[in-house]
Amino acid sequence: MIKVYYIGCINNASTFYRGLLPLRLLSEIKVSYNNGVTSGASRFSGINTASREDVLDADIIFSARAADLQTTRFLTQAKANGKKIWVDYDDDFFFVEKNDPYYGVLTSVRQSLIDQLVVADLITVSTDHLRATFIKAIKGALGGNYDTRFEARIHVVHNTLVPRFQSFPALTVDYFERKIEEEKLHFLWRGNAAHRFSFDMMRNFAKVRFTCLGMDSGLIGNSIRNVGAMDLVQYLNFIKSSGALYFLKPLHDINGNECKSDISALEGLTAGALTLASPKKEFVGKPWIINVADDDWDMSELADKVRALGPKEMLDAYDMGVSFYRDERSFDRMQQLRLTRIRTLMES
């Protein structure tokens with residue numbers, strides 16, 4: 001039995017998709033954990049109170065999205081004491097725009113993050129472009145001291161859903177035919193204040209029924225529904241009964257958005273919905289995702305375009321998406337990737 005000590009917040013999306021929950025579902029792994037805290041000013045989880053006994057007993061220290069100096073020092077000391085270090089990230093924390101709400105925080109922890117990546121024996125990230133971004137950042141930071149062997153330590157494990165939530169309704173042509181005949185098509189967006197720049201790409205909601213999850217959109221009207229923040233389990237249950245035809249994923253043009261995973265499109269499929277998204281790297285070449293250029297986020301015009309699609313075409317796109325996430329991006333496949341990396345780590 002391989003023993004893993006987990007550092008990080010235990011109740012955020014990263015924990016759910018790729019942190020504590022997937023680890024605890026690996027039969028060959030025994031996990032103990034430290035409940036990291038996340039302040040209102042930071043996206044990072046860090047150490048709260050570490051259990052000395054659990055740390056000493058662990059084979060691997062797993063750090064989820066932590067870049068504070070305290071955590072970096074802890075990981076450095078743990079490695080000096082013979083522990084394997086595994087860090088995991090699902091966002092670009094390096095190439096951040098100055099108007100990002102977290103710019104100050106991210107800038108202040110950048111060196112700590114670099115030190116953490118250098119000390120790590122295993123680094124997992126959520127997309128290929130995020131992997132390339134981290135390699136670019138480390139090359140830039142280390143300059144002539146960069147060692148190409150770093151690239152063998154950083155691997156992609158895609159975001160996915162645990163089996164309890166990764167189930168898909170059995171839809172028919174009739175279902176999509178009824179949906180596109182509704183007086184106003186139902187579009188759904190989820191985000192928070194940090195996504196405001198992307199949200200503001202959307203306009204002209206006259207011909208749609210719009211649900212905004214996570215923040216007040218500032219929009220009013222009989223066809224507008226603003227729903228406050230909810231935890232991830234509540235959200236996944238909510239969308240299954242929402243009746244939305246399309247999930248919306250406008251993403252303004254920054255590197256961090258190129259690094260985004262397509263987990264929202266998977267979530268949409270579990271609710272019987274397709275996706276309208278900006279053409280970022282994880283959102284192209286997938287028939288269940290219709291790409292929308294930056295200047296084309298007119299909701300009423302998009303509703304007209306959706307109505308022009310055939311119900312059979314929509315069903316085919318839905319079925320292709322379901323097959324993709326059941327096969328290539330299945331939870332079991334991602335778990336096998338984790339287990340392979342863990343075994344390799346223990347043999348190194």
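In what follows, the structure referred to is the one given above.
Everything in this summary refers to the structure shown in the same document. (Residues numbered from 1 in each chain as written. Predicted model: local features only at pLDDT ≥ 70, side-chain atom pairs only at ≥ 80, totals over all residues. Heavy atoms only, no water.)

Regarding the sheet that holds strand β9 (residues 224-227)
Phase 1 of the analysis: Within the open sheet, the 6 strands sit side by side as β9-β8-β7-β10-β11-β12. Their pairing is parallel. Two strands in the sheet have a free side with no partner beyond their single neighbour: β9 and β12 (289-291). Across this sheet, the average inter-strand angle for adjacent strands is 25°, counted without regard to direction.
Phase 2 of the analysis: Where strand β11 (residues 274-277) meets β12, 3 bridges bridge the pair, whose relative direction is parallel. Bridging across to β12, Thr275 finds its partner in Ile289. (Pairing = 2+ DSSP bridges. Helix = DSSP H or I, 4+ residues; strand = E, 2+ residues; numbered from the N terminus. Axes fitted to C-alpha atoms, helices over the stretch in contact; angles between N-to-C directions.)

Thoughts on the environment of Glu151
Phase 1 of the analysis: With respect to the helices, strands and loops of the structure, Glu151 is situated in the loop between α7 (128-142) and β6 (154-156).
Phase 2 of the analysis: Using a relative accessible area of 25% as the deciding quantity, one classes Glu151 as partly exposed.
Phase 3 of the analysis: Remark: the alpha-carbon pair of Glu151 and Arg190, spanning 39 residues in sequence, is separated by 34 Å.
Phase 4 of the analysis: With residues up to four places along the chain from it excluded, the contact list for Glu151 reads Arg131, Ile135, Lys139 and Tyr146. (Buried < 20%, exposed > 50% of the residue type's maximum accessible area, 1.4 Å probe, protein only. Contact = heavy atoms within 4.5 Å.)

Observations regarding the layout of surface pockets
Phase 1 of the analysis: Of the pockets and cavities examined, the second largest pocket occupies roughly 180 Å³.
Phase 2 of the analysis: As for the second largest pocket, its lining consists of Lys84, Asp121, Leu122, Ala152, Arg153, His155, Arg341, Thr344, Leu345 and Ser348.
Phase 3 of the analysis: With 3 residues, helix α15 (residues 331-347) is the single largest residue contributor to the lining of the second largest pocket.
Phase 4 of the analysis: In terms of residue class, the lining of the second largest pocket is made up of 3 nonpolar, 3 polar and 4 charged. (1 Å grid on protein atoms, 1.4 Å probe; cavity = no way out; pocket = protein on both sides within 12 Å on 5 of 7 lines; lining within 4 Å. Points joined across faces, edges and corners; volume = space filled by probe spheres on them. Nonpolar A, V, L, I, M, F, W, Y, C, P; charged D, E, K, R; others polar.)

Comments concerning a negative patch on the surface
Phase 1 of the analysis: Together, Asp294, Asp295, Asp296 and Glu301 make up a negatively charged patch on the protein surface.
Phase 2 of the analysis: Here Asp295 shows up in the loop between β12 and α13 (299-307). (Patch = residues over 30% accessible without salt bridge, like charges linked within 9 Å, V, L, I, M, F, W, Y side chains within 5 Å. Areas by Shrake-Rupley, 256 points an atom, 1.4 Å probe, with all protein chains shown as cover. Salt bridge = Lys/Arg side-chain N within 4 Å of Asp/Glu carboxyl O. Lys, Arg positive; Asp, Glu negative; His and termini not counted. Charge placed at Lys NZ, Arg CZ, Asp CG, Glu CD.)

Thoughts on the packing of aromatic side chains
Phase 1 of the analysis: Counted by the stated rule, this structure contains 17 aromatic pairs.
Phase 2 of the analysis: A centroid spacing of 5.7 Å and a plane angle of 80° characterise the contact between Tyr89 and Phe93, whose relative ring orientation is edge-to-face.
Phase 3 of the analysis: You can call Tyr89 buried: its relative accessible area is 0%.
Phase 4 of the analysis: The buried category is assigned to Phe93, whose relative accessible area is 1%.
Phase 5 of the analysis: Three or more aromatic residues link up through ring pairs in this structure, and these residues are Tyr89, Phe93, Phe94 and Phe134.
Phase 6 of the analysis: Taking NZ or CZ as reference, Lys136 lies 4.9 Å from the ring centre of Phe95, over its face.
Phase 7 of the analysis: In this structure, Arg190 is placed above the aromatic ring of Tyr235, and the distance from its NZ or CZ to the ring centre is 4.0 Å. (Phe/Tyr/Trp six-rings, centres within 6.5 Å; stacked < 30°, edge-to-face > 60°. Lys NZ or Arg CZ within 6 Å of the ring centre and 35° of its normal.)

Points about the nonpolar core
Phase 1 of the analysis: Residues Phe187 and Phe210 are the most contacted members of the largest nonpolar core, which totals 63 residues.
Phase 2 of the analysis: Top element by residues in this core is helix α14 (residues 311-326). It accounts for 7 residues.
Phase 3 of the analysis: Once residues within four sequence positions are removed from consideration, Phe210 is found in contact with Phe187, Trp189, Phe199, Met202, Phe205, Ser217, Leu219, Ser223, Ile224, Arg225 and Leu248.
Phase 4 of the analysis: Residues Ile61, Ala67, Leu75 and Leu130 belong to the second largest nonpolar core, which totals 33 residues. (Core = buried A, V, L, I, M, F, W, Y, C linked by side-chain atoms within 4.5 Å.)

Quick look at the environment of Tyr235
Phase 1 of the analysis: With respect to the helices and strands, Tyr235 occurs in helix α10 (residues 232-240).
Phase 2 of the analysis: The spatial distance from the C-alpha of Tyr235 to the C-alpha of Thr148 is 41 Å, given a sequence separation of 87 residues.
Phase 3 of the analysis: If sequence neighbours within four positions are ignored, Tyr235 has contacts with Arg190, Leu213, Met230, Phe247 and Glu267.

Considering α13
Phase 1 of the analysis: Buried within α13 we find Met299, Ser300, Leu302, Ala303 and Val306. For α13, the buried positions fall inside an angular range of 160° around the axis, keeping them on one side.
Phase 2 of the analysis: Considering only its buried residues, α13 is in contact with α8 (173-180), β7 (185-190), β8 (208-213), β10 (246-249), β11 and α14.
Phase 3 of the analysis: The N-capping residue of α13, defined by a side-chain oxygen 3.1 Å from the backbone nitrogen of Ser300, is Asp298. (Arc of directions from axis to C-beta. Polar contact = N/O pair within 3.5 Å; in protein donor to acceptor, adjacent residues only side chain to side chain.)

A short note on the pattern of salt bridges
Between side chains of opposite charge, a pair can form as their charged atoms come close.
Phase 1 of the analysis: According to the stated counting rule, one finds 19 salt bridges in the structure shown.
Phase 2 of the analysis: Residue Glu28 pairs with Arg343 through a salt bridge whose shortest N-O separation is 2.5 Å. Remark: Arg343 occurs in helix α15 and Glu28 occurs in the loop between α2 (20-24) and β2 (29-35); sequence separation between them is 315 residues.
Phase 3 of the analysis: Ionic pairing is found between Glu258 and Lys280, a salt bridge with its closest N-O pair at 3.9 Å. Taken as a pair, Glu258 in helix α11 (residues 255-258) and Lys280 in the loop between β11 and β12 lie far apart in primary sequence, 22 residues in all. Here Glu258 matches Lys280 in class, with each residue buried.
Phase 4 of the analysis: Three or more residues joined by partner-sharing salt bridges are found here, namely Arg65, Asp90, Asp91 and Lys260.

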